[in-house]
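Chains, contacts and geometry: an overview
Here are the chains, one letter per residue:
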Amino acid sequence: MKKLAIEGGMPIRPDLLPYGRQQIDDADIQAVVNVLRGDWLTTGPNVDAFEEAFSAKTGAKYAVAVNSGTAALHAAMFALDIKPGDEVIVSAMTFAASANCVIYQGGTPVFTDVEMDTLLLDATQVEEKITSRTKAIIAVDYAGQPCDYDTLRNIADKYGLALVADAAHSLGGSYKERAVGTLADLNTFSLHPVKHITTGEGGVITTDNADLAQKMRYFRTHGITSDHRQRAERGGWFYEMVDLGYNYRIPDINCALGISQLNKLDSWVSRRRNITLEYDLAFADIPAVTPLTIRPERSSAWHIYPILLETEYLRVGREQIFAALRAENIGVNVHYIPVYWHPYYARHGYKHGLCAITENAYNRLITLPIFPAMSKQDVKDVIAAVKKVMEAYAI
Ligand SMILES: *Cc1c(COP(=O)(O)O)cnc(C)c1O
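Structural notes, computed from the coordinates.

What counts and what doesn't
- Residues numbered from 1 in each chain as written.
- Predicted model: local features only at pLDDT ≥ 70, side-chain atom pairs only at ≥ 80, totals over all residues.
- Heavy atoms only, no water.
- Axes fitted to C-alpha atoms, helices over the stretch in contact; angles between N-to-C directions.
- Helix = DSSP H or I, 4+ residues; strand = E, 2+ residues; numbered from the N terminus.
- Parallel < 35°, antiparallel > 145°, perpendicular 65-115°, else oblique.
- Left-handed = near helix turned anticlockwise from the far one by under 90°.
- Contact = heavy atoms within 4.5 Å.
- Nonpolar A, V, L, I, M, F, W, Y, C, P; charged D, E, K, R; others polar.
- Pairing = 2+ DSSP bridges.
- Core = buried A, V, L, I, M, F, W, Y, C linked by side-chain atoms within 4.5 Å.
- Buried < 20%, exposed > 50% of the residue type's maximum accessible area, 1.4 Å probe, protein only.
- Domains from an automatic or database assignment.

1. Some remarks on the packing of helix α3 (residues 69–79) against helix α7 (residues 210–219)
Viewed as axis vectors pointing N to C, α3 and α7 meet at an angle of 125 degrees, and their least axial separation amounts to 9 Å. In this view, α3 runs oblique relative to α7, as classed from their interaxial angle. Crossing angle aside, the handedness with which α3 passes α7 is right-handed. Contacts between α3 and α7 involve His74, Ala75, Ala76, Phe78 and Ala79 on the former and, on the latter, Leu212, Lys215, Met216 and Phe219. Across the contact of α3 with α7, the residue classes tally to 7 nonpolar, 1 polar and 1 charged.

Below is the structure:
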């Protein structure tokens, strides 16, 4: 057996392979440069064009672009009029921003557990958490697989709740032949460099509801009913602030990059799928490694490739496996610490034990590298490192 790098052996590769990373080509660079030479650096024609391209891609009627996925979630909570006293059901297995947006509006996130094999919101648990104060559900398409939106829709309709998809992981995925971006009342996306396409920083909300789209357009620019360019075109100066908004505007520079990146989405998602097929095949005979289950009629966009460790087959725990893989120069990560374990939430009274499956999964999770620019050798390195480490620590 080869000596583990963590014990002084040769690492599988000489340089660290990150878990995710952007891909920028000459067309992307040219698109940005063209904007820099033009008239509008922000709130210009590229914002409209990006929104049109994004709604065309997803099939949603409206797309509203903002300057982060977090701003997109905040705008969604604002549009739904979440306020103090309101409860919003949120998956516990997610990035903190999925829940923070509720608190920005003075509402209360109600953390809800996930299914062990998919780590997606468990519809039965959702129904148990509904009270007379519940206003909305935020479902998170963990790792890129869409949640069970038909079941969640039935629950939302039964109790008069809004359904929000935090689709930061799932751009390019689908559920029963319906594209992500059309599955909930409001669907939010992040355009951070590790996500499927990037604008540097950026976010989008898609919806078929014209009123909600309009509210979010005001919200991203101080709650003002016209923007700088619209006033310039009209030749007037008058504007009105009708709501308390923020400056969540996304620059034209970023949107030009977004339009160019969107052209590559389909091929990138299919490259991600091909990588997961290789991983699935390679790990099928390692009992200590369980990949996520993908349900029938769902197509994951594979933002991340997490594995669950079956610790009864291992002499060591997740920390040691993680450290050993990092020593082999595989940039593994962990998604996610249960949101309510963070000190901020603990201070606000959330206790350990709230979501047993999320907590159990967290202790066994490791995210392996996956991004479209990975070479064949990169994929082989990840597989070789996982095999090497699992063999070395097998019982
Ligand atoms: C990335 C991400 C966000 C936040 O997006 P930003 O663009 O970084 O603000 C929100 N929710 C989930 C699930 C994410 O992965």
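From this point, the discussion proceeds with the structure in view.
2. Here's the deal with the sheet that holds strand β10 (residues 289–291)
Taken together, 3 strands build an open sheet; the order of strands is β10-β12-β13 and the sheet is antiparallel. Strands at the two margins of the open sheet, each flanked by one partner only, are β10 and β13 (365–368). Taking each pair of neighbouring strands and ignoring which way they run, the sheet shows an average axis angle of 35 degrees. As paired elements, β10 and strand β12 (residues 305–309) share 3 bridges and run antiparallel to each other. Bridge assignment links threonine 290 to a residue of β12, and that residue is leucine 308. The strands that helix α11 (residues 318–327) touches are β12 and β13; relative to β13, the one it contacts most, it runs at about 20 degrees.

3. What about the nonpolar core?
Ranked by internal contacts, the top residues of the largest apolar core, which has 51 residues, are Phe54, Ile137, Tyr142 and Tyr149. When residues of this core are traced back to their parent elements, those giving at least two are α2 (45–58), β1 (62–66), α5 (123–129), β4 (134–140), α6 (149–159), β5 (162–166), α9 (252–262) and α10 (265–283). Examining the composition of this core, we find that 4 residues originate from one element, α6, more than from any other. Structurally, this core is a two-domain feature, drawing no fewer than three residues from each of domain 1 (5–21 + 265–393) and domain 2 (26–262). Once residues lying within four places of it in the same chain are set aside, the contact partners of phenylalanine 54 are Ala63, Leu171, Phe189, Leu191, Val204, Thr206 and Leu262. One finds Met77, Ala92, Ala96 and Phe219 within the second-largest nonpolar core, a separate group that totals 38 residues.

4. Thoughts on the packing of helix α1 (residues 26–36) against α9
With their axes 8 Å apart at the nearest point, α1 and α9 run at an angle of 150 degrees to one another. Relative to α9, α1 is oriented roughly antiparallel. Regarding α1 and α9, the two cross each other, and that crossing is right-handed. On α9, the residues that touch Ala27, Asp28, Ala31, Val32, Val35 and Leu36 of α1 are Asp252, Ile253, Ala256, Leu257, Ser260 and Gln261. The residue inventory of the contact of α1 with α9, partitioned by class, reads 8 nonpolar, 2 polar and 2 charged.

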